[in-house]
2 protein chains.
Amino acid sequence: MSPPSSYPPRLTRLIDALRRLPGVGPKSAQRMAFHLLERERDGARALSAALLDALDNIGRCTQCRMFCEGEGCRYCSAARTETGQLCIVEGPADLIAIEQGTPYRGRYFVLMGRLSPIDGIGPDELGLPRLSEQLDAGWVRELIIATNPTVEGEATAYYLAEMGKARGIRVSRIAHGVPMGGELEYVDAGTLAHALSGRTSL
Amino acid sequence: MSPPSSYPPRLTRLIDALRRLPGVGPKSAQRMAFHLLERERDGARALSAALLDALDNIGRCTQCRMFCEGEGCRYCSAARTETGQLCIVEGPADLIAIEQGTPYRGRYFVLMGRLSPIDGIGPDELGLPRLSEQLDAGWVRELIIATNPTVEGEATAYYLAEMGKARGIRVSRIAHGVPMGGELEYVDAGTLAHALSGRTSL
């Protein structure tokens, strides 16, 4: 549903543009447009400039495929390479979550997706040839696979594990089980089965 | 909470700018930024341009205070003036809702707020001197008050009604009652009391 023609044309254009943001429908876009025009003109100008600046200056790191600015990728530093650890995640948000929530300070590889042949996403789309080169370079001692525990994520993890094992690299998968603070009674059966089979000795 | 420093600076700036949109928190802003950079670069560029264009070209109508573009306000046309009706609403979204949902095609006056002395919003902030001029101009035969049925909205309606009555103009208030499709059993007592006292003869 496009906004009705009762708006002035430039307002229609702004509302349409705001609707391209994820999770923003016609009503939210209208509210955003009115809010920006009524009370946040400075914010709107800042947003416009930040968008252009980001588009023009944020690219992809050729090593880890994370978003990166001109001055070199902060996640591919020599210090991180020295850890010998490479953590594979599906997307930038996963990298940020690990970086913020854990003491992990090794390197990353961002797939920007997961294997999904039905959608035409194969190894090439995920940059796996580039990953192969890095594994062949010899500095990786542990491959940590942190794809999501979904069907595609698990299939991707299996594929990645084979890539590591074929080169004699130690491969690990992040643990899946009962979340901290969760209650067994309310955890789904699949998670509980994972938690039991993945039990660790104390 | 500002986004953590683990982002590249331009990404931080973009996420901060997106958070100024209403209803967008840190997680949503991050998701929006990643989405735009990953999959919607065209959309991001369009949004940036639409924002600038809107800021530079959308102003306020001097008559009705609605957003308006250079070519003159579509809601203040001579044809609408001829109806002799002036509908007063609190905000632009209210105007659009009436315009879209009803056959009303008279003129409007947008308060851009409601009387709220505690927040320093008095008659001047709502442009009521401008409204007085219009009422004095003589073309208004009916003043339709469509402020929201909240405490401030009702107080504003009372004030506006006095303005109209002092000039001998017919003043009406939109009806409040049981919403269409609603069930009496589930309607709150205040609405039900309004519906009963505002009953109309058949």
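The shown structure was predicted, so the numbers you read here are calculated from the model rather than taken from an experiment.

When helices and strands are tallied, chain A shows eight helices and six strands. When its helices and strands are written in sequence order, chain A yields α-α-α-β-β-α-β-α-β-α-β-α-β-α. For 202 residues, the compact-globule formula gives about 17 Å, and the C-alpha radius of gyration of chain A, at 22 Å, lies well above that figure. Projected onto its principal axes, the C-alpha positions of chain A cover 65 × 50 × 35 Å. Residues classed as buried in chain A amount to 46% of the 202 residues present.

A separate point is the side chain of Arg107(A). Residues and elements named next belong to chain A. Structurally, the position occupied by Arg 107 is in strand 4 (residues 107–110). Put simply, Arg 107 is tucked away with no salt bridge, and the nearest opposite charge, on Glu 133, sits 10 Å away. Within polar-contact distance, the side chain of Arg 107 engages the side chain of Gln 63 at 3.2 Å. Engagement of the side chain of Arg 107 in a polar contact is seen with the side chain of Thr 81, the distance being 3.0 Å. In contact with Arg 107, not counting residues within four places along its chain, are Gln 63, Tyr 75, Cys 76, Ser 77, Arg 80, Thr 81, Thr 83, Gln 85, Leu 86, Cys 87, Gln 134 and Trp 139.

Moving on, we come to the sheet that holds strand 4 of chain A. All names here are of chain A. Strand order in this open sheet of four strands is 4-3-5-6, and the pairing throughout is parallel. Since the sheet does not close on itself, it has two edges, and those belong to strand 4 and strand 6 (170–173), each with one partner. Within the sheet, the average angular offset between the axes of one strand and its neighbour, ignoring direction, is 25 degrees. Pairing between strand 3 (residues 85–89) and strand 5 (residues 142–145): four bridges, direction parallel. Bridged to Gln 85 within strand 5 is Glu 142. Contacts between helix 6 (residues 128–136) and the sheet are confined to strand 3, strand 4 and strand 5, with strand 4 contributing the most and set at about 155 degrees to the helix. The strands touched by helix 7 (residues 151–165) within the sheet are strand 3, strand 5 and strand 6, with strand 6 carrying the most contacts at an inclination of about 165 degrees.

Residues and elements named next belong to chain B. Pairing is parallel across the open sheet formed by four strands, whose spatial order is 4-3-5-6. Either end of the sheet is taken by a strand with one partner, and the two such strands are strand 4 (107–110) and strand 6 (170–173). Each neighbouring strand pair of the sheet contributes to a mean axis angle of 25 degrees, computed without reference to strand direction. In the packing of helix 5 (residues 92–101) onto the sheet, the strands contacted are strand 3 (85–89) and strand 4, and the crossing angle to strand 4 comes to about 160 degrees.

Superposing chain A onto chain B takes a rotation of 180 degrees plus a shift of 0.0 Å along the axis, which leaves an RMSD of 0.1 Å. As the rotation angle and translation indicate, the two copies are arranged about a two-fold axis. Every residue of chain A has its C-alpha some distance from the rotation axis, and the shortest such distance is that of Ser48(A), at 2.1 Å.

We now examine unusual backbone geometry. Glycine aside, residues mostly have negative phi, and peptide bonds are mostly found in the trans state. All names here are of chain A. Positive phi, normally seen in glycine, also occurs at Arg 65, with a value near 65 degrees. Looking at the element boundaries, Arg 65 is found in the loop between strand 1 (58–60) and strand 2 (67–69). Here Met 112, not a glycine, exhibits a phi torsion of approximately 60 degrees, which is positive. The topology assignment puts Met 112 in the loop between strand 4 and helix 6. Under the relative-accessibility criterion, Met 112 is labelled buried at 16%.

Moving on, we get to the pairing of strand 6 of chain B. All names here are of chain B. In terms of strand pairing, strand 5 (residues 142–145) meets strand 6 through four bridges, oriented parallel. Bridge pairing in strand 6 places Ile 145 opposite Arg 173. Between strand 5 and its parallel partner strand 6, the chain crosses via helix 7 (residues 151–166), and the hand of that crossover is right-handed.

Another point: the environment of Ala50(A). As for its position among the elements, Ala50(A) is in helix 3 (residues 41–57). Contact partners of Ala50(A), with chain neighbours within four places excluded, come to Arg13(B), Leu14(B) and Ala17(B).

With that settled, consider the UniProt feature "zinc finger region: C4-type" (unreviewed entry) in chain A. Under the feature "zinc finger region: C4-type" (unreviewed entry), the UniProt entry names residues 61–76 of chain A. In residues 61–76 of chain A, helix accounts for 0% and strand for 19%; the two terminal C-alpha atoms are 9 Å from one another.

Further remarks concern the pairing of strand 3 of chain A. All names here are of chain A. Most of strand 3 is tucked away, with four of its five residues classed as buried. Taken together, the four bridges between strand 3 and strand 4 define a ladder with parallel strand orientation. Looking across to strand 4, one finds that Leu 86 is bridged to Arg 107. As for the winding sense of the linkage, the β-α-β connection from strand 3 through helix 5 (residues 92–101) to strand 4 is right-handed.

Many descriptions give the size of an interface as the accessible area lost when the pieces come together. Counting residues at the interface gives 56 residues for chain A and 55 residues for chain B. Interface area for chain A against chain B, summed over the two sides, is near 5600 Å², with a carbon-plus-sulfur share of 63%. If you sort the residues of chain A by the area they bury against chain B, Arg10(A), Arg20(A) and Leu55(A) come out on top, with a joint share of 13%. Where chain A packs against chain B, one counts 10 salt bridges. Among the ionic pairs, Arg45(A) bridges to Asp56(B), the shortest N-O distance being 3.4 Å.

What counts and how
- Throughout this document, residue positions are counted from 1 along each chain, in the order its sequence is written.
- Written order determines the labels here, with chains lettered from A and ligands numbered from 1.
- Local features in this predicted model are restricted to residues whose pLDDT is 70 or higher, and side-chain atom pairs enter the listing and the counts only when it is 80 or higher, whereas totals over whole chains, interfaces and linings include all residues.
- As a rule here, side-chain values come from all non-hydrogen atoms in the structure, and water together with hydrogens is ignored.
- Think of it this way: any DSSP run of H or I at least four residues long counts as a helix, any run of E at least two long counts as a strand, and we number them from the N terminus.
- The size measure is the radius of gyration over C-alpha atoms, and the globule rule it meets is 2.2 Å times the number of residues to the 0.38 power.
- Residue burial is assigned from relative accessible area. The probe radius is 1.4 Å, only protein chains are included, and a residue is buried under 20% of its type maximum, exposed over 50%, and partly exposed in between.
- Counting rule for charge: Lys and Arg are taken as positive, Asp and Glu as negative, and neither His nor the chain ends is counted.
- Salt bridge criterion: a side-chain nitrogen from Lys or Arg within 4 Å of a carboxyl oxygen from Asp or Glu.
- Polar contacts, as counted here, are pairs of nitrogen or oxygen atoms within 3.5 Å of one another; within protein the pair requires one atom able to donate a hydrogen and one able to accept it, and residues that are adjacent in sequence qualify only if both atoms are side-chain atoms.
- Two residues form a contact once any of their heavy atoms are found within 4.5 Å.
- Here the rule is simple: two strands pair whenever DSSP picks up at least two bridges between them.
- Each axis is a line fitted through C-alpha atoms, taken for helices only over the stretch in contact, and angles between the N-to-C directions span 0 to 180 degrees.
- Residues reaching a pLDDT of at least 70 in both copies supply the C-alpha atoms on which the copies are superposed by least squares.
- The crossover handedness rule: strands pointing away from the viewer, path from first strand over the helix to second strand clockwise, crossover right-handed.
- UniProt positions are given in the numbering used here, feature names are shortened, and annotations may be inferred rather than shown by experiment.
- Summed over both partners, the accessible area lost on bringing two parts together, with a 1.4 Å probe, is the buried area.

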